[in-house]
Amino acid sequence: MPPNFWRSLPVVSKSAARRNPVLARRSFLGLGAALTGTFALDAARAETAEISPPADAPWSQSLGAGVVDRPYGTPAETEAGVIRRNVPWLTAGTESSISFSPLQDLNGIITPNGLFFERYHAGRPDVDPEQHRLMIHGLVERPLVLTMKDILRFPSVSRIHFIECPANGGMEWRAAQLNSLQFTHGMVSCAEWTGVKLSTLLEEVGLKKEAKWVMVEGADGAHMNRSLPLEKCLDDCLIVYAQNGEALRPEQGYPLRLVVPGWEGNVSVKWLRRIKVGDQPWFSREETSKYTDLMADGTSRGFTWLIDAKSVITFPCPEKPLSGPGLYEIRGLAWTGNGKVKAVHVSTDGGINWQVAQLHEPILSKALTRFSIPWRWDGKPALLESRVIDETGYVQPTIVDLRKQRGTNSVYHNNSIQTWQVKPDGSVFDVQIG
Amino acid sequence: MFRSDSHRSVVSSAAKLLALTAACGVIVCASPVAAAEPGHFGYGTVATPEQIAGWDIDVRGGDGAGLPAGTGSVSKGESVFADQCAACHGTFGEGEGRFPKLAGGKGTLKDDRPELTVGSYWPFAPTLFDYINRAMPMPTPHTLSADDVYALTAYILNLNDIVPGDFVADKDSLPKVKMPNHDSFLWKDPRPDTAARPCMSNCANPADIKITSTAESRNLTPRTTGPLDTMQPK
């Protein structure tokens, strides 16, 4: 049978047309390319009506594409707008920059690999896994060079953890600026990571008595390096090669990255090539010039690794407005670097009154947690907020509280309560209240 | 290398097994999977001094540990900078377009719009050597000689009036340079620094709830539908 056998069947021409319904309709109606955009839209609406019950849809009366039509699966074409996006004015170029996950279109705690937010300091390197090496040295008994094959032989673990860039929400310190969930909160993503415990590797090289700090370094052009206290390394850090069941994506550090659960994303060094054990921190550029928090009085805080508890309503949001009064489910995400989410409260009146939202399983340590609450919208203006409490009892603060402590120039670690303004027409806006 | 190493690890785990057996003879052997000794798995190869030397590039900010041999003057730094760095950072470190400023901003840290630069913000001078060496020039990182990196470090410090024009940077002089903002850092996280309480009802006076800012119509937000928005005027 020739490979294009099925394609020559008449039913498949319908199925090909299905891939571009507008074109299909055009040829069906015999109107061709002369159609104006608006007209095409009207035609599309007419067609939508036509294929609702009781009518059968074209995809119900034709043969679809076969297996391995897409040997590596891709989302439906109609989902093409669900992509990572950047804010062009934020950085000089895209090589040292950030992209944001489309949280408004995600439903669950796991971020699909192609939508995990990106942060590079020297672009995305294409690392050859055959040539890649992990060197572990410094205050150790037995310095090692490991290949990827070597690393895969060590006992493996899988854990679900979020990674959040501490600059998530960094543009909102002064005022509401970006009218979008994707851009106010999209520097957080969550995945199942598989790899080796860092403690296993540190035991394998043997720590000397003076060992107190660990430096981790990437193989990219930035040679990104950060210092980590030894206790954290021995606690829950992972050296991972897999993300949501498949090899890490190049964007996420292929073939090997560190995951430091619950701490600011920058320390989870990607394309990891070197671990050096020492007795003092390194005070690298990324933990002095950057990733330090400037206070209003001119002093700065360094080594502020922890991601404090944070939550956000993901529906409704500026990208997903309401369509008229009625019953809705308010949905959102909550997370904390301090363990598990204990409770989430939701307010629809700007924080005057709060209700306890339902948390959805699984509720995992240092992972995104879903919450929801039903809400009957009366069509009047509303101010929606969510507030998380983590297992230490810490309560997510307001932006006013945070500014009181830190001023407006600290860039990082804005974990404040987000307010969404709902207007009578159902549209939603990013606002701050005081 | 690989051979002799794997041999050694076999010997060491055999010795460990013996030790374990001996211990079990005396006390109850509760946990045979106790913390592994170095070389327990025996995977990989022991790093050679040459391998380590090639990759061991880190310089510690606090004491300059790891600074290599070499030396560089302010005037040499000026010419290397003009060649390799000025296109992005400006001839005097003033920063082209949105590329970072490397000089100036002194005394602005308490301002409404502070300017964070090497001179106004960085706490440690050896960090400057480390960063230029590992990450710059951006298009071809880690390709400069140690002498050139020392010279660039000297030049940028001089642009910030931190060292005089005749300063020569090397592994002894750099750790002695005191950065103006050195003492302003707290290296211990003071958080939690807020103590909100989970009030559930009548938590605020409705009259006090005012919208203080809105992102509506600010024209800062890229489109979040369709293809990527470059935000270029059409």
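Predicted, not measured: the structure shown is a model, and the values here were computed from it. (Residues numbered from 1 in each chain as written. Chains lettered and ligands numbered in written order. Predicted model: local features only at pLDDT ≥ 70, side-chain atom pairs only at ≥ 80, totals over all residues. Heavy atoms only, no water.)

**Student:** Got a sec to walk through the environment of Asp-390 of chain A? Specific residues and values, please.
**Tutor:** Residues and elements named next belong to chain A. Turning to its location among the elements, Asp-390 is positioned in strand β21 (residues 382-390). Overall, the relative accessible area of 0% leaves Asp-390 in the buried class. In this structure, Asp-390 is in contact with Ala-309, Thr-336, Asn-338, Lys-340, Val-341 and Lys-342, ignoring residues within four places of it in sequence. (Helix = DSSP H or I, 4+ residues; strand = E, 2+ residues; numbered from the N terminus. Buried < 20%, exposed > 50% of the residue type's maximum accessible area, 1.4 Å probe, protein only. Contact = heavy atoms within 4.5 Å.)

**Student:** I'd like a description of helix α3 (residues 74-84) of chain B, backed by residues and values.
**Tutor:** Residue and element names in this part refer to chain B. The set of residues buried in α3 consists of Val-74, Gly-77, Val-80 and Phe-81. For α3, the arc enclosing every buried residue in end-on projection is 115 degrees, short of the 170-degree limit, so these residues lie on one face. Those residues of α3 that are exposed and angled more than 90 degrees off the buried face are Ser-75 and Asp-83. The secondary structure elements touched by the buried residues of α3 are β2 (72-73), α4 (86-89) and α6 (146-159). (Arc of directions from axis to C-beta.)

**Student:** How would you summarise the domain arrangement of chain A if you had to cite specific residues and measurements?
**Tutor:** All names here are of chain A. Considered domain by domain, chain A is made up of domain 1 (84-298) and domain 2 (310-431). For domain 1 versus domain 2, the distance between C-alpha centres works out to 27 Å. Both sides together, the interface formed by domain 1 and domain 2 hides about 3500 Å², and carbon and sulfur atoms give 59% of it. Counting across the domain 1 and domain 2 interface gives three salt bridges. With its nearest N and O atoms 2.8 Å apart, the salt bridge here joins Lys-366 to Asp-236. Taken together, the links from domain 1 to domain 2 amount to 21 residue pairs in polar contact (both at pLDDT 80 or more). Going through the elements one at a time, β5 (157-164), α5 (181-185), β6 (188-197) and β13 (293-294) are the ones with two or more residues in the side of domain 1 that touches domain 2. (Domains from an automatic or database assignment. Buried area = accessible area lost by both parts, 1.4 Å probe. Salt bridge = Lys/Arg side-chain N within 4 Å of Asp/Glu carboxyl O. Polar contact = N/O pair within 3.5 Å; in protein donor to acceptor, adjacent residues only side chain to side chain.)

**Student:** Describe the sheet that holds strand β23 (residues 428-433) of chain A, naming the residues involved and giving the relevant values.
**Tutor:** Taken together, the six strands give an open sheet; going across it, the order is β18(A)-β17(A)-β21(A)-β22(A)-β23(A)-β5(B), and neighbouring strands pair in antiparallel fashion. With partners counted over all chains shown, the strands left at the sheet margins are β18 (355-356) of chain A together with β5 (211-214) of chain B, one partner each. The pairing of β21 of chain A with strand β22 (residues 419-422) of chain A spans four bridges and is antiparallel. Within β22 of chain A, the position partnered with Leu-383 of chain A by the bridge is Gln-421 of chain A. (Pairing = 2+ DSSP bridges.)

**Student:** Provide a residue-level description of the pairing of strand β15 (residues 310-315) of chain A, including the pertinent values.
**Tutor:** All names here are of chain A. Counting buried residues along β15, five of its six residues qualify, which places the element largely inside the surrounding structure. In the sheet, β15 pairs with strand β16 (residues 326-335) via five bridges, with the strands oriented antiparallel. Bridging across to β16, Phe-315 finds its partner in Arg-331.

**Student:** Lay out the interface of chain A and chain B in plain terms, naming residues and giving numbers.
**Tutor:** By a widespread convention, an interface's size corresponds to the accessible area lost as its parts come together. The interface is formed by 107 residues belonging to chain A together with 90 residues belonging to chain B. Across the interface of chain A and chain B, roughly 7900 Å² is buried in total on both sides, 56% from carbon and sulfur atoms. Put simply, Arg-60 of chain B and Asp-279 of chain A hold a salt bridge, and the shortest N to O gap is 3.0 Å. Our count for the contact surface shared by chain A and chain B stands at 52 residue pairs in polar contact (both at pLDDT 80 or more). In terms of residue count, the dominant contributor to the side of chain A that touches chain B is β23 of chain A (five residues). Residue composition of the side of chain A that touches chain B, by class: 40 nonpolar, 38 polar and 29 charged. Alignment of β23 of chain A against β5 of chain B, held across three bridges, turns out to be antiparallel. When the sheet's bridge partners are listed, Gln-432 of chain A is paired in β5 of chain B with Ser-213 of chain B. (Nonpolar A, V, L, I, M, F, W, Y, C, P; charged D, E, K, R; others polar.)

**Student:** Any chance you could break down the pairing of strand β3 (residues 134-138) of chain A for me, citing the residues and the numbers?
**Tutor:** Residue and element names in this part refer to chain A. Buried residues dominate β3, accounting for four of its five residues. In textbook terms, the turn of a hairpin is the stretch between consecutive antiparallel strands, and for β3 and strand β4 (residues 144-146) this stretch comprises five residues. The pairing of β3 with strand β12 (residues 272-278) spans four bridges and is classified as parallel. Across the sheet, Gly-138 pairs through a bridge with Val-277, a residue of β12.

**Student:** Describe the state of the cysteines, naming the residues involved and giving the relevant values.
**Tutor:** Residue and element names in this part refer to chain B. For the coordinates displayed, the defined rule picks out one disulfide over all chains. Note on cysteine connectivity: Cys-199 is disulfide-linked to Cys-203, with sulfurs 2.1 Å apart. Taking the sign of the S-S torsion, about -100 degrees here, the bridge from Cys-199 to Cys-203 comes out left-handed. Not part of a disulfide, Cys-85 finds its nearest cysteine sulfur in Cys-88, a span of 8.8 Å. Since its relative accessible area comes to 14%, Cys-85 is described here as buried. (Disulfide = S-S within 2.5 Å.)

**Student:** Lay out empty space enclosed by the protein in plain terms, naming residues and giving numbers.
**Tutor:** All told, the structure shown has three cavities of 30 Å³ or more when counted by the stated rule. Lining the largest cavity are 19 residues, with Arg-119, Gly-265, Asn-266, Ser-268 and Lys-270 of chain A positioned closest to its centre. Classifying every residue of the lining of the largest cavity by side-chain character gives nine nonpolar, five polar and five charged. In this model, the second largest cavity occupies a volume close to 70 Å³. Together, Glu-164, Cys-165, Pro-166, Asn-168, Ile-307, Asp-308, Lys-310, His-413, Asn-414 and Asn-415 of chain A together with Arg-191 of chain B line the second largest cavity. (1 Å grid on protein atoms, 1.4 Å probe; cavity = no way out; pocket = protein on both sides within 12 Å on 5 of 7 lines; lining within 4 Å. Points joined across faces, edges and corners; volume = space filled by probe spheres on them.)

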